Amino acid sequence: AARARPRLAAMSTPTVRSESPSRPVHAGAANGAPARSAVQRRAFSPPRLAFLLGVPLAWAALLWFHPSVERDDVYGSLRDQVTAYQIVHVGTLIFIALIGVALYLMVRDLPGRAARISRLAIGPFVLFYGAYETVIGLAIGALVQHGNDAPVSQRPAVAEAIQSLGDNVIVGDPGVLGGLGVLAWIVAVIAAAVAYRRVGAPALATVLLGLSLLVVS
């Protein structure tokens, strides 16, 4: 019986498996905090950073050339600046898609509900804000150009049609389409900010998101 005791003690001793030195354990993961994946650590590589910064900055620069428009006299405000107006709005359509891609790249690999909400809201933003921009920018620009080419006697009728389109509750400014687009973008950006905060992202991510809010309005 005396010889059995050491054997029992040896059997009851738990076996401890050592961790491989090639697989370090992150301190944040040990404390229950989300650890950054390798994809997240590469999220701000130089080419991607240039794209994420360049899109909102280039869009903001383009908007500096937008002609001033009087709400009660759209045709009168644009008839001498219609080319600049059309160039700005064609560029804006492109930037709507690019900024949607930029935000998607920022949240594509992030985990959690907030990141998923952000990804889902990008599509409605591009759809609704792009539709609004097509009408308020390209359609009105085309009508202004038509008014310039029309006989002088027909220009008041064209100006009235332009004014009516701009004041339309669905596609005008402000209108339902534009409002839905802006709302979708606000949801996407706020959700992205929450998702980045939860993974301990640097302040630069918040700066990039703030820049996008300045140009989408």
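As the structure is a computational prediction, the values presented were derived from the model and not from experiment.

### Focus: the overall build of the chain
- Scanning the chain from N- to C-terminus turns up 10 helices and 0 strands.
- In the chain, the succession of α and β elements from N to C terminus is α-α-α-α-α-α-α-α-α-α.
- Within the span of the chain, comprising 217 residues, buried residues form 34% of the whole.
- Contacts in the chain between residues far apart in sequence, at least 24 positions, make up 75% of those at least 6 positions apart.

### Let's talk about the nonpolar core
- Residues L103, F125 and I140 are the most contacted members of the largest nonpolar core, which totals 43 residues.
- Elements represented by at least two residues in this core include exactly α4 (46–63), α5 (74–78), α6 (82–107), α7 (113–149), α8 (155–166) and α9 (176–198).
- Top contributing element to this core by residue count: α7, with 11 residues.

### Overview of the packing of α6 against α9
- Running from N to C, α6 and α9 cross one another at 25°; their axes reach a closest spacing of 10 Å. Between α6 and α9, the crossing angle belongs to the class labelled roughly parallel. The two elements α6 and α9 meet at a crossing, and its hand is left-handed. Two secondary-structure elements touch here, α6 through I99, G100, L103, M106 and V107 and α9 through W185, A188, V189, A192 and Y196.
- When its residues are assigned to classes, the contact of α6 with α9 shows 9 nonpolar, 1 polar and no charged.

### So, the pattern of salt bridges
- Following the criterion strictly, the structure yields 1 salt bridge and no others.
- A salt bridge links R108 to D109; the shortest N-O distance between them is 3.6 Å.
- Note on D109: relative accessible area 32%, which makes it partly exposed.

### A closer look at a nonpolar patch on the surface
- A cluster of nonpolar residues, I117, V169, I170, V176, L180, L183 and V187, forms a patch on the protein surface that exposes about 560 Å² of accessible area.
- Counting residues per element, the nonpolar patch draws most heavily on α9, which supplies 4 residues.
- Structurally, the position occupied by I117 is in helix α7.
- Assessed through its relative accessible area of 39%, I117 is described here as partly exposed.

### What about a negative patch on the surface?
- A contiguous patch of negative charge, built from E70, D72, D73 and D167, is present on the exposed surface.
- Considering the arrangement of structural elements, one finds D167 in the loop between α8 and α9.

### Structural notes on unusual backbone geometry
- The peptide bond linking D173 to P174 adopts the cis configuration, its omega dihedral lying at 0°.
- As for its placement among the helices and strands, P174 is situated in the loop between α8 and α9.

### Let's talk about the packing of α7 against α8
- Between α7 and α8, the shortest axis-to-axis distance is 9 Å and the interhelical angle comes to 175°. In terms of orientation, α7 lies roughly antiparallel with respect to α8. Along the contact surface, α7 presents V135, I136, A139, I140, L143, V144, H146, G147 and N148, while α8 presents R155, V158, I162, L165 and G166.

### A short note on the side chain of H89
- Within the secondary structure, H89 sits in helix α6.
- Once residues lying within four places of it in the same chain are set aside, the contact partners of H89 are H66, E133, I136, G137 and L138.

### Side note on the confidence of the model for the chain
- Residues at a pLDDT of 70 or more form 73% of the chain, whose mean pLDDT is 81.
- Per-element confidence in the chain is highest for α7, whose mean pLDDT is 95, and lowest for helix α3 (residues 38–41), whose mean pLDDT is 42.
- For the stretch residues 1–43, pLDDT sits under 50, and the model shows 18 contacts to residues farther than four places along the chain or on other chains.

### Quick look at the side chain of T92
- Of note, T92 is situated in helix α6.
- For T92, the side chain forms a polar contact with the main-chain oxygen of V88, separated by 2.8 Å.
- With residues up to four places along the chain from it excluded, the contact list for T92 reads W59, L62, L63 and E133.

Reading the values: rules and limits
- Residues numbered from 1 in each chain as written.
- Predicted model: local features only at pLDDT ≥ 70, side-chain atom pairs only at ≥ 80, totals over all residues.
- Heavy atoms only, no water.
- Helix = DSSP H or I, 4+ residues; strand = E, 2+ residues; numbered from the N terminus.
- Buried < 20%, exposed > 50% of the residue type's maximum accessible area, 1.4 Å probe, protein only.
- Contact = heavy atoms within 4.5 Å.
- Core = buried A, V, L, I, M, F, W, Y, C linked by side-chain atoms within 4.5 Å.
- Axes fitted to C-alpha atoms, helices over the stretch in contact; angles between N-to-C directions.
- Parallel < 35°, antiparallel > 145°, perpendicular 65-115°, else oblique.
- Left-handed = near helix turned anticlockwise from the far one by under 90°.
- Nonpolar A, V, L, I, M, F, W, Y, C, P; charged D, E, K, R; others polar.
- Salt bridge = Lys/Arg side-chain N within 4 Å of Asp/Glu carboxyl O.
- Patch = residues over 30% accessible without salt bridge, like charges linked within 9 Å, V, L, I, M, F, W, Y side chains within 5 Å.
- Areas by Shrake-Rupley, 256 points an atom, 1.4 Å probe, with all protein chains shown as cover.
- Lys, Arg positive; Asp, Glu negative; His and termini not counted.
- Charge placed at Lys NZ, Arg CZ, Asp CG, Glu CD.
- pLDDT = per-residue confidence, 0-100.
- Polar contact = N/O pair within 3.5 Å; in protein donor to acceptor, adjacent residues only side chain to side chain.

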